[in-house]
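Analysis of the macromolecular model
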Amino acid sequence: MPDELRPTPKIRARGRSFLALVLTPEPMLADWLAGLDAQIARSSTFFAGKPVILDLSLLAADTEGLAELYPALCARGIRIIGIEGGDPGWTACAQWDWPAGFMGGRASGAVDIPDDAAPPGAEVPRASSMIIEQPIRSGQVIMNPDGDIIILGSVGSGAEITAGGSIHVYGPLRGRAIAGMNGQPDARIFAHSMQAELLAIDGYYITAEEIDPRYVEKPAQIILTNDTLVVQPLVAPAFPGRKA
């Protein structure tokens, strides 16, 4: 077929949202890097593959050790996608591979970095699961990149739960729930009362407006099927009774 008669291919694009971590180094950079090393030792996979924004707002152009900061972070496997709060014209940063920044975005609160041993306030029955007994308040961010998150209380509006595996909420889920963050399409989201602002599995997401009203404030689960998020009622299976 002549090129001029060949149909123009349709270009397909879809959105995918990611949580970018923001690191804000403090003066006495040698001590700060030592603290970072201790944190990495406790949670060795936390930064693996995660996009990181480096915030220099607490530093000055003449901060001791600034020139070595960027190379030190790269050597630790931290992937920096943007730098803010500083100036590329600072002499100490002249040799940095200063990445282009990103416009927009909003702060989502502090991220609780899980320890491989035992996260504070959480019980870990298996190496990859996190159990949280307290309610998750608005603005809190809970992340477990290596497995499931199980919340025995509620998740407040404006809170965000991000898991490498599935998310189980044994109470109202009013915030954002992001499961399968490391490419696990089989992950699921379970909630005793589905009131979520956003639900995502393996990068596919739906917002509150897209949830079938039949399942709002009801026990429900979310699964990913054929690149589509499906909300289903959460019904306990029936078992045949036995005569005593």
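All of these numbers come straight from a predicted model, not from anything done at the bench. (Residues numbered from 1 in each chain as written. Predicted model: local features only at pLDDT ≥ 70, side-chain atom pairs only at ≥ 80, totals over all residues. Heavy atoms only, no water.)

Notes on the side chain of Q221
The following threshold applies: A run of H or I in DSSP counts as a helix once it spans at least four residues, and a run of E counts as a strand once it spans at least two, with each numbered from the N terminus. Think of a polar contact as two N or O atoms within 3.5 Å of one another; within protein, one of them needs to be a possible hydrogen donor and the other a possible acceptor, and neighboring residues in sequence only count if both atoms come from side chains.
Tracing the chain through its elements places Q221 in strand β15 (residues 220-225). At 2.8 Å, the side chain of Q221 forms a polar contact with the side chain of R188.

As for the confidence of the model for the protein chain
What counts here: pLDDT expresses, on a scale from 0 to 100, how confident the predictor is about each individual residue. It only takes one pair of heavy atoms within 4.5 Å for two residues to be counted as in contact.
On average, residues of the protein chain score 80 in pLDDT, and 75% of them reach the 70 mark or higher. Mean pLDDT across the elements of the protein chain ranges from a minimum in strand β5 (residues 122-123), with 50, to a maximum in strand β10 (residues 167-173), with 95. Throughout residues 116-120 the model reports pLDDT below 50, and contacts reaching past four residues in sequence, or to other chains, amount to 11 contacts.

Overview of the pairing of strand β3 (residues 79-84)
Test applied: Pairs of strands are assigned from DSSP output, requiring at least two bridges between the strands. With its strands directed away from the observer, a crossover is right-handed exactly when the path from the first strand over the helix to the second travels clockwise.
Note: strand β2 (residues 51-55) against β3, 5 bridges, orientation parallel. Bridged to I53 within β3 is G82. For the segment spanning β2, helix α2 (residues 66-75) and β3, crossover handedness is right-handed.

A few points about the environment of L69
In this structure, L69 sits in helix α2. For the pair formed by L69 and L29, sequence separation is 40 residues and the distance between their alpha carbons is 7.6 Å. With residues up to four places along the chain from it excluded, the contact list for L69 reads P25, L29, W32, L33, L54, L56, L59 and W96.

Quick notes on α2
Quick reminder of the rule: Here the term buried applies to any residue with accessible area under 20% of the maximum for its type, exposed to any over 50%, and partly exposed to those in between, with areas from a 1.4 Å probe on protein chains only. Within this analysis, the arc is defined by the directions that extend from the helix axis to the C-beta atoms.
Those residues of α2 not exposed but buried are L66, L69, Y70, A72 and L73. Seen end-on, α2 carries its buried residues on one side only, within an arc spanning 165°. Residues of α2 that are exposed and point more than 90 degrees away from the buried face comprise E68 and A75. Two residues or fewer past α2, G77 is found with a positive phi of approximately 80°.

Overview of the sheet that holds β3
For clarity, the threshold we go by: Only C-alpha atoms enter the line fits that serve as axes; for helices the fit covers just the stretch in contact. Angles between N-to-C directions range over 0 to 180 degrees.
Reading across the sheet, the 3 strands line up as β1-β2-β3 and stay open at both edges, with parallel pairing between neighbours. At either end of the open sheet lies a strand with only one pairing partner, and these are β1 (21-23) and β3. Sheet twist, expressed as the mean angle between neighbouring strand axes with direction ignored, is 30°. One ladder, built from 3 bridges, connects β1 with β2; its direction is parallel. Note on β2: the bridge partner recorded for V22 is I53.

Let's talk about the environment of V231
Mapped onto the elements, V231 comes out in strand β16 (residues 228-233). Judged by relative accessible area, V231 falls into the buried class, the value being 13%. Measuring from C-alpha to C-alpha, the distance between V231 and L199 comes to 9.9 Å, with 32 residues separating the pair along the chain.

Some details on the packing of aromatic side chains
Just so we agree on the cut-off: Pairing of aromatic rings covers Phe, Tyr and Trp, the last counted by its six-membered ring, and requires centre-to-centre distances within 6.5 Å; plane angles under 30 degrees mean stacked, over 60 mean edge-to-face, and any other angle means tilted.
In this structure the tally under the stated criterion is 2 aromatic pairs. Both rings, one in Y70 and one in W96, keep their centres 5.4 Å apart while their planes meet at 25°; by these two values the pair is stacked. Here W96 lies in the loop between β3 and β4 (111-112) and Y70 lies in helix α2, a separation of 26 residues in the sequence. The burial state of Y70 is the same as that of W96; both residues are buried. Assessed through its relative accessible area of 8%, W96 is described here as buried.

Comments concerning the pattern of salt bridges
Where we set the bar: A pair is scored as a salt bridge if a Lys or Arg side-chain nitrogen falls within 4 Å of a carboxyl oxygen belonging to Asp or Glu.
Inspection of the entire model under this criterion finds 4 salt bridges. E197 is paired through a salt bridge with R176; the nearest N and O atoms lie 3.6 Å apart. Here the residue E197 occupies a position in the loop between β12 (189-194) and β13 (198-201), and R176 occupies one in strand β11 (residues 176-179), the gap between them amounting to 21 residues. By relative accessible area, which is 27% here, E197 ends up partly exposed. Its relative accessible area of 9% is what places R176 among the buried residues. R214 is the salt-bridge partner of D212, the closest N and O atoms lying 2.8 Å from each other. Shared partners join several salt bridges into a network, and the residues in it are E160, R176 and E197.

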